[in-house]
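# Close look at the chain arrangement
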Amino acid sequence: GAVVSQHPSRVICKSGTSVKIECRSLDFQATTMFWYRQFPKQSLMLMATSNEGSKATYEQGVEKDKFLINHASLTLSTLTVTSAHPEDSSFYICSARDGEGNLGNQPQHFGDGTRLSIL
Amino acid sequence: AQSVTQLGSHVSVSEGALVLLRCNYSSSVPPYLFWYVQYPNQGLQLLLKYTTGATLVKGINGFEAEFKKSETSFHLTKPSAHMSDAAEYFCAVSNSGAGSYQLTFGKGTKLSVIP
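Summarised in this report is the structure supplied together with it. (Residues numbered from 1 in each chain as written. Chains lettered and ligands numbered in written order. Predicted model: local features only at pLDDT ≥ 70, side-chain atom pairs only at ≥ 80, totals over all residues. Heavy atoms only, no water.)

### With respect to the overall build of chain A
Within chain A one finds zero helices and eleven strands. Secondary structure of chain A in N-to-C order comes out as β-β-β-β-β-β-β-β-β-β-β. When the backbone C-alpha atoms are referred to their principal axes, chain A occupies close to 45 × 25 × 25 Å. Relative to its 119 residues, chain A shows a buried fraction of 50%. (Helix = DSSP H or I, 4+ residues; strand = E, 2+ residues; numbered from the N terminus. Buried < 20%, exposed > 50% of the residue type's maximum accessible area, 1.4 Å probe, protein only.)

### Remarks on the packing of aromatic side chains
All names here are of chain B. Here the structure, examined in full by the defined rule, presents eleven aromatic pairs over all chains. Between Phe90 and Phe105 the ring centres are 6.3 Å apart and the planes differ by 90°, which places this aromatic pair in the edge-to-face class. With a gap of 15 residues between them, Phe90 in strand 10 (residues 87-94) and Phe105 in strand 11 (residues 104-105) connect regions that are remote in the sequence. Among the residues examined, Phe90 registers a relative accessible area of 0% and is labelled buried. (Phe/Tyr/Trp six-rings, centres within 6.5 Å; stacked < 30°, edge-to-face > 60°.)

### Structural notes on the environment of Phe67(B)
Residues and elements named next belong to chain B. Secondary-structure assignment places Phe67 in strand 8 (residues 64-68). Overall, the relative accessible area of 10% leaves Phe67 in the buried class. Taking C-alpha positions, Phe67 is 11 Å from Pro30, a pair spaced 37 residues apart along the chain. Ignoring anything within four residues of it in the chain, the contact list for Phe67 reads Tyr25, Pro31, Leu33, Tyr50, Thr55, Ser73 and Phe74. (Contact = heavy atoms within 4.5 Å.)

### Looking at the environment of Ser84(B)
You can see Ser84(B) is positioned in the loop between strand 9 (73-78) and strand 10. The spacing of Ser84(B) and Glu15(B) is 69 residues in sequence and 9.8 Å in space, taken between C-alpha atoms.

### Digging into the pairing of strand 5 (residues 44-51) of chain A
All names here are of chain A. Among the eight residues in strand 5, six count as buried, and that is most of the element. Pairing of strand 4 (residues 30-38) with strand 5, which is carried by seven bridges, proceeds in the antiparallel orientation. Each residue of the ladder has a partner; that of Gln38, found in strand 5, is Leu44. Here two bridges tie strand 5 to strand 6 (residues 57-58), and the two strands are oriented antiparallel to one another. Opposite Thr49, over in strand 6, you have Thr57 as the bridge partner. (Pairing = 2+ DSSP bridges.)

### Details of the nonpolar core
Side chains that are nonpolar tend, in soluble globular proteins, to be buried together. Formed by 26 residues in total, the largest nonpolar core has its most connected members in Trp35(B), Leu48(B), Phe74(B), Leu76(B) and Tyr89(B). For this core, the secondary structure elements donating two or more residues are strand 2 (10-14), strand 3 (19-21), strand 5 (32-38), strand 6 (44-50), strand 8, strand 9, strand 10 and strand 12 (109-114) of chain B. Among the elements that take part in this core, strand 10 of chain B stands out by supplying four residues, more than any other. Apart from residues no more than four positions distant in its own chain, Leu48(B) is found in contact with Leu33(B), Phe34(B), Trp35(B), Val57(B), Lys58(B), Gly59(B), Phe63(B), Glu64(B), Ala65(B), Phe74(B) and Leu76(B). Of all hydrophobic cores here, the second largest spans 25 residues; its members include Val19(A), Cys23(A), Ala30(A) and Ile69(A). (Core = buried A, V, L, I, M, F, W, Y, C linked by side-chain atoms within 4.5 Å.)

### Some details on the state of the cysteines
The full count for this structure, using the stated rule, is two disulfides over all chains. Covalent S-S linkage joins Cys23(A) and Cys94(A), the inter-sulfur distance amounting to 2.0 Å. On the sign convention where negative is left-handed, the bridge of Cys23(A) and Cys94(A), at about 80° about the S-S bond, is right-handed. Of this pair, Cys23(A) sits in strand 3 (residues 19-25) while Cys94(A) is found in strand 9 (residues 90-98), placing the two residues 71 residues apart along the sequence. Grouping residues by exposure puts Cys23(A) and Cys94(A) together as buried. Across the disulfide, Cys23(B) is cross-linked to Cys91(B) (sulfur-sulfur distance 2.0 Å). In this structure the cystine formed by Cys23(B) and Cys91(B) twists about its S-S bond by roughly -65°; its chirality is therefore left-handed. Of this pair, Cys23(B) sits in the loop between strand 3 and strand 4 (24-26) while Cys91(B) sits in strand 10, and the two are 68 residues apart along the sequence. (Disulfide = S-S within 2.5 Å.)

### Points about the pairing of strand 4 of chain A
Residues and elements named next belong to chain A. Burial within strand 4 is extensive, with eight of its nine residues counted as buried. Across eight bridges, the pairing between strand 4 and strand 9 is antiparallel. Paired with Arg37 across the bridge in strand 9 is Tyr92. What sits between the antiparallel neighbours strand 4 and strand 5 is a turn of five residues, in which Lys41 has the positive phi angle 60°.

Printed below as a string of structure tokens:
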């Protein structure tokens, strides 16, 4: 149980392209989803928290116009990197948390990540 | 504010030897503690978690961790390392004081297993 599917797994595209990454919870309803960015050999950096049906909360220093997040349903959140440039190249990982019960007890379940390479 | 410190960015053990990965946390309220494992080019997989109750928690793949409040620690152990345990391990803390129970991760410890 608690499977999170993230697509695509790898994207290579030209500078200026917009890229959409999907994150789906397959067997549970995720009232909250999180988007992280991970640089090589580093830990995960939280970019934003999204709750179904409301605007995402972005962490300090994350450009909300550059990284558009939509959480339109309880099973799907999308991250769109708009007008991507080489410095946006990174490993992006989503996670989802089951909304049932005590939120503190509920772990985040992670997708397999998306390797984004901007040429 | 909450934070996590993982001592040792890289740990090497021989196959069959004890695995000990260290994690210390800082939290102003009772924490929820997690260990995750990440294999190359993959997301994170939950190994185990501590929320309340028994301080020694058992997880998947033979791992366990003990919550020690007096030492603000949550070290991860496994009695006998296997080659398949080679991966990156992240300790994380969450509590009600953080918005939406956000996770704060340590910097990770890369575990190498020598045959």
